[in-house]
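# Architecture at a glance
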Amino acid sequence: MAKKTAKDAAPENSGGAEAIDVQGLHKAFGELEVLRGIDFSVARGEVVCVIGPSGSGKSTLLRCVNLLEEPSAGRVMVADTEVTDPDVDIDLVRRRIGMVFQSFNLFPHLTVLENLTIAQRRVLRRNRSEAERIARVNLERVGMSEKEASYPAQLSGGQQQRVAIARALSMDPELMLFDEPTSALDPELVGDVLAVMRSLADEGMTMLVVTHEMSFAREVADRVVFMDGGVIVEEGSPERVVGDPQHERTRTFLARVL
Ligand code: ADP
Ligand code: MG
């Protein structure tokens with residue numbers, strides 16, 4: 001399949017580090033232990049889907065990768081940067097990571113094009129014409145070129161989410177985190193967003209995706225991670241984890257979502 005190209009083509013001098021490497025990650029909110037020792041990694045160009053029941057810690061895991069939550073213990077690496085190093089410049093790390101949430105969080109008072117250029121200009125210091133050029137390339141990628149002058153409220157949820165993906169891509173991220181990007185959408189709008197994510201995967205983007213879309217996990221993920229109660233219960237190929245789960249908890253979960 002074509003989707004392995006970016007990983008295969010990774011240059012020798014890229015260090016060979018994983019895109020994400022998490023070791024012994026714990027996170028507590030007060031007394032509540034939400035992550036109870038997570039070890040896992042994502043290779044460059046790999047697509048990993050995280051599945052599991054509500055409250056199992058999936059979002060917290062994603063948020064620990066870009067330090068939207070501060071881990072209580074453990075180590076998180078993004079390529080060769082230790083995110084959990086107290087001296088790390090977290091803004092620099094976050095700049096390298098695209099994040100797409102369930103709620104699209106577009107600026108309502110800005111047009112689609114302005115939504116895509118504002119962070120490029122303010123954070124990456126690109127000039128207007130360069131930022132607009134890059135924005136248009138990415139709107140094209142998500143099939144939203146026609147709508148560059150529209151405001152978010154004039155778009156469907158699925159269109160807004162595709163704009164949010166294009167906005168993240170405009171920052172040239174080295175990896176993308178998706179937290180249930182289709183969960184807030186009407187069922188008929190889910191397919192367009194998943195198609196955009198699938199094409200990103202085919203282009204070799206490194207992706208960590210929390211999703212309940214089992215057909216996406218089956219068809220697009222290189223690996224599926226099943227979480228429950230703040231631990232990884234099992235992980236492996238989609239054929240294995242979704243098709244032939246080894247643990248009762250995984251089977252119970254899948255019986256509910258499939
Ligand atoms: P998931 O994404 O798998 O549904 P989350 O990571 O959102 O799970 O949440 C796991 C647990 O952590 C839940 O019990 C949730 O209520 C709790 N939690 C998440 N964020 C916070 C927070 N900021 N403060 C307190 N509890 C939180
Ligand atoms: Mg969540």
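Described in the following lines is the structure provided in the data block. Just so you know, these numbers come straight off a predicted model, no measurement behind them.

## Focus: helix H7 (residues 187-202)
Its 16 residues place the ends of H7 23 Å apart at the C-alpha level, agreeing with the 22 Å of an ideal helix rising 1.5 Å per residue. Considering only its buried residues, H7 is in contact with strand S3 (47-51), helix H5 (128-141), helix H6 (157-169), strand S7 (175-179), strand S8 (206-210) and helix H8 (214-220). Note on H7: the residue one or two positions beyond its end, Gly-204, has a positive phi of about 95°.

## What to know about the pairing of strand S1 (residues 20-29)
Judged from the eight bridges that link them, S1 and strand S2 (residues 32-42) form a sheet pairing that is antiparallel. By the bridge assignment, Val-22 is partnered in S2 with Phe-40. Connecting S1 to the next strand, S2, in antiparallel fashion are two residues, including Gly-30 with a positive phi near 60°. Sheet topology places S1 next to strand S4 (residues 73-78); five bridges connect them, and they run antiparallel.

## Regarding the pattern of salt bridges
Under the counting rule described, the total for this entry stands at 17 salt bridges. When the shortest N-O distance is used, the salt bridge between Asp-192 and Arg-162 registers 3.7 Å. Taken together, the residues span a long stretch of sequence, with Asp-192 in helix H7 and Arg-162 in helix H6 at a distance of 30 residues. Taking the relative accessible area as the measure of exposure, Arg-162 reaches 12% and is therefore buried. Measuring nitrogen to oxygen at the nearest pair gives 3.5 Å for the salt bridge that ties Asp-228 to Arg-249. Note that Asp-228 is positioned in strand S9 (residues 223-228) and Arg-249 in helix H10 (residues 248-257), a separation of 21 residues in sequence. We classify Arg-249 as partly exposed; its relative accessible area is 41%. Several salt bridges share partner residues, and in doing so they unite Arg-128, Glu-132, Arg-136 and Glu-148 into one network.

## A closer look at the nonpolar core
Membership of the largest hydrophobic core comes to 47 residues, with the highest contact counts inside it found for Ile-165, Met-176, Phe-178, Met-197, Leu-200, Met-207 and Val-224. Here this core takes eight residues from H7, the largest share from any one element. Among residues more than four places away in sequence, those in contact with Phe-178 are Leu-62, Val-100, Ile-165, Met-197, Leu-200, Met-207, Leu-208, Val-209 and Val-210. Ile-20, Ile-38, Leu-175 and Leu-177 belong to the second largest nonpolar core, which has 29 residues in total.

The rules behind these values
Residues numbered from 1 in each chain as written. Chains lettered and ligands numbered in written order. Predicted model: local features only at pLDDT ≥ 70, side-chain atom pairs only at ≥ 80, totals over all residues. Heavy atoms only, no water. Helix = DSSP H or I, 4+ residues; strand = E, 2+ residues; numbered from the N terminus. Expected span 1.5 Å × (residues − 1). Contact = heavy atoms within 4.5 Å. Pairing = 2+ DSSP bridges. Salt bridge = Lys/Arg side-chain N within 4 Å of Asp/Glu carboxyl O. Buried < 20%, exposed > 50% of the residue type's maximum accessible area, 1.4 Å probe, protein only. Core = buried A, V, L, I, M, F, W, Y, C linked by side-chain atoms within 4.5 Å.

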